[in-house]
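# Structure assessment
Here is what each chain is made of, one letter per residue.
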Amino acid sequence: PSVSLLTAADRTTRTRSQRREPKMSFTMEIPSAYGYVVLSCGVLPTIVNMYMGGKIMKARNDLDVKYPNLYATPGFHKKADEFNRVQRGHQSYIENLTNYVTMSLLGGLQHPLAVAVGGVFYAIGSILYMSGYSDAALDVSKARHLKGGPVKYIGFFTSLISSIKFGGAVAGLW
């Protein structure tokens, strides 16, 4: 990104009330490939969330878990563990989504293609993670990783590292 900070001369021409709050002003050029970041890390996660939500609705109907129950209650719902595994696979996605999207949209300003490709890995890996978690035939402690779920971490760490690099550059740390 292109960053231009205010000079000392700019600061002295401000009124006293304007000088009380230190502010940083900068201009930034959006890379031409940034649209791919928006599509893979903004739009695609929404589509994945809708897909996963559909899986939850199907499991609610098939396993007789009515609203407003977020999870099935063992002893009350006949197939509580089966439903909870599907729900947990989706809940895990939701728990990390805001951090992931934020890191991606920021890190993608400096590394748009890497982050955009990472977004595809994150989406595919998240679906595979839920698929493994939902499979009642697999051991619950390993299930989410046995069907390819760890692929999502390629995208997650790409965005994490890219956002750290971007933040450090804007802060003037490197």
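This one's a predicted model, so the numbers in the text were calculated from it and none came from an experiment. Per-chain numbering applies: the sequence of each chain, read as written, is numbered from 1 onward. Where local features are concerned, this predicted model is filtered to residues with pLDDT of at least 70; where side-chain atom pairs are given and counted, the filter is 80 or more; whole-chain, interface and lining totals use all residues. Each side-chain value is derived from all of the structure's non-hydrogen atoms; neither hydrogens nor water enter the calculation.

### Focus: a nonpolar patch on the surface
Residues with no salt bridge and a relative accessible area higher than 30% make up the patches, which join like charges within 9 Å and nonpolar side chains (Val, Leu, Ile, Met, Phe, Trp, Tyr) within 5 Å. Note on areas: Shrake-Rupley, 1.4 Å probe, and residue coverage restricted to the protein chains presented here. The salt bridge definition used is simple: a Lys or Arg side-chain nitrogen within 4 Å of an Asp or Glu carboxyl oxygen. On the surface, Tyr36, Val38, Leu39, Val43, Ile47 and Leu113 cluster together into a nonpolar patch covering about 570 Å² of accessible area. Among the elements that line the nonpolar patch, the one with the most residues is helix H3 (residues 34-63), at five residues. For Val38, the position within the fold is in helix H3. Residue Val38 is classed as partly exposed on the basis of its relative accessible area, which comes to 37%. Put simply, DSSP H or I for four residues or longer makes a helix, DSSP E for two residues or longer makes a strand, and each gets a number counted from the N terminus. Throughout, exposure labels follow a simple rule: accessible area from a 1.4 Å probe, protein chains only, divided by the maximum for the residue type, with under 20% read as buried, over 50% as exposed, and the rest as partly exposed.

### Section: the nonpolar core
Residues enter a nonpolar core if they are buried and are Ala, Val, Leu, Ile, Met, Phe, Trp, Tyr or Cys, with the set joined through side-chain atoms within 4.5 Å. Ranked by internal contacts, the top residues of the largest apolar core, which has 25 residues, are Val37, Phe83 and Tyr93. Mapped onto this core, the elements with two or more residues apiece are H3, helix H4 (80-107), helix H5 (112-134) and helix H7 (152-170). Here this core gets eight residues from one element, more than from any other, and that element is H3. Contacts: residue pairs with any heavy atoms within 4.5 Å of one another. If sequence neighbours within four positions are ignored, Tyr93 has contacts with Pro45, Val48, Asn49, Met52, Tyr122 and Ser126.

### Brief notes about the environment of Lys152
Along the polypeptide, Lys152 turns up in helix H7. Taking relative accessible area as the criterion, Lys152 reaches 4% and is therefore assigned buried. Ignoring sequence-local partners within four residues, the contact set of Lys152 consists of Ser92, Phe121, Tyr122, Gly125, Ser126 and Tyr129.

### As for the confidence of the model for the protein chain
Taken over all residues, the pLDDT of the protein chain has a mean of 89, while the share at 70 or more is 86%. Low pLDDT, under 50, characterises residues 1-6; the predicted model gives this stretch 16 contacts beyond four residues in sequence or across chains. Confidence scores here are pLDDT values: one per residue, from the predictor, ranging 0 to 100.

### With respect to the pattern of salt bridges
Following the criterion strictly, the structure yields four salt bridges and no others. Of the charged contacts, one joins Lys58 and Asp62 as a salt bridge, the two residues approaching to 2.6 Å between their closest N and O atoms. Taken together, the residues Lys58 and Asp62, both in helix H3 and four residues apart, mark about one turn of the helix. Between Asp64 and Lys66 there is a salt bridge, with the nearest N and O atoms lying 3.1 Å from each other.

### A look at the packing of aromatic side chains
Here is the rule: rings of Phe, Tyr and Trp (six-membered ring for Trp) pair when centre to centre is within 6.5 Å. Planes less than 30 degrees apart are stacked, more than 60 are edge-to-face, and the remainder are tilted. All chains considered together, the criterion is met by five aromatic pairs. With centroids separated by 6.4 Å and ring planes inclined at 40°, the aromatic side chains of Tyr153 and Phe157 adopt a geometry described as tilted. Within this pair, Tyr153 and its partner Phe157 are both found in helix H7, separated by four residues, close to a single helical turn. Relative accessible area serves as the criterion here: at 42%, Phe157 is assigned to the partly exposed category. Ring geometry for Phe156 versus Phe157: centroids 5.5 Å apart, planes at 90°, classification edge-to-face. Counting every residue linked through ring pairs, the aromatic cluster contains Tyr93, Tyr100 and Tyr122. We call a charge positioned over a ring when the NZ of a Lys or the CZ of an Arg lies within 6 Å of the ring centre and within 35 degrees of the ring normal. Over the face of the ring belonging to Tyr67 we find Arg60, whose NZ or CZ atom lies 4.1 Å from the ring centre.

### With respect to the packing of H3 against H4
Two elements in contact, H3 and H4, have axes whose closest approach is 10 Å; the angle formed by their N-to-C orientations is 165°. By the angle between their directions, the pair H3 and H4 is classed as roughly antiparallel. The handedness of the crossing between H3 and H4 comes out as left-handed. The residue inventory of the contact of H3 with H4, partitioned by class, reads 17 nonpolar, five polar and three charged. Axes, fitted as lines to C-alpha atoms, cover a helix only where it is in contact. Angles between the N-to-C directions of the axes lie from 0 to 180 degrees. Should an angle fall under 35 degrees it is taken as roughly parallel, and over 145 as roughly antiparallel, whereas 65 to 115 is taken as roughly perpendicular and any remaining angle as oblique. Put simply, a crossing is left-handed when the front helix is turned counterclockwise from the back one by less than a right angle, and right-handed when it is turned clockwise. The residue classification treats Ala, Val, Leu, Ile, Met, Phe, Trp, Tyr, Cys and Pro as nonpolar and Asp, Glu, Lys and Arg as charged. All others, Gly included, are polar.

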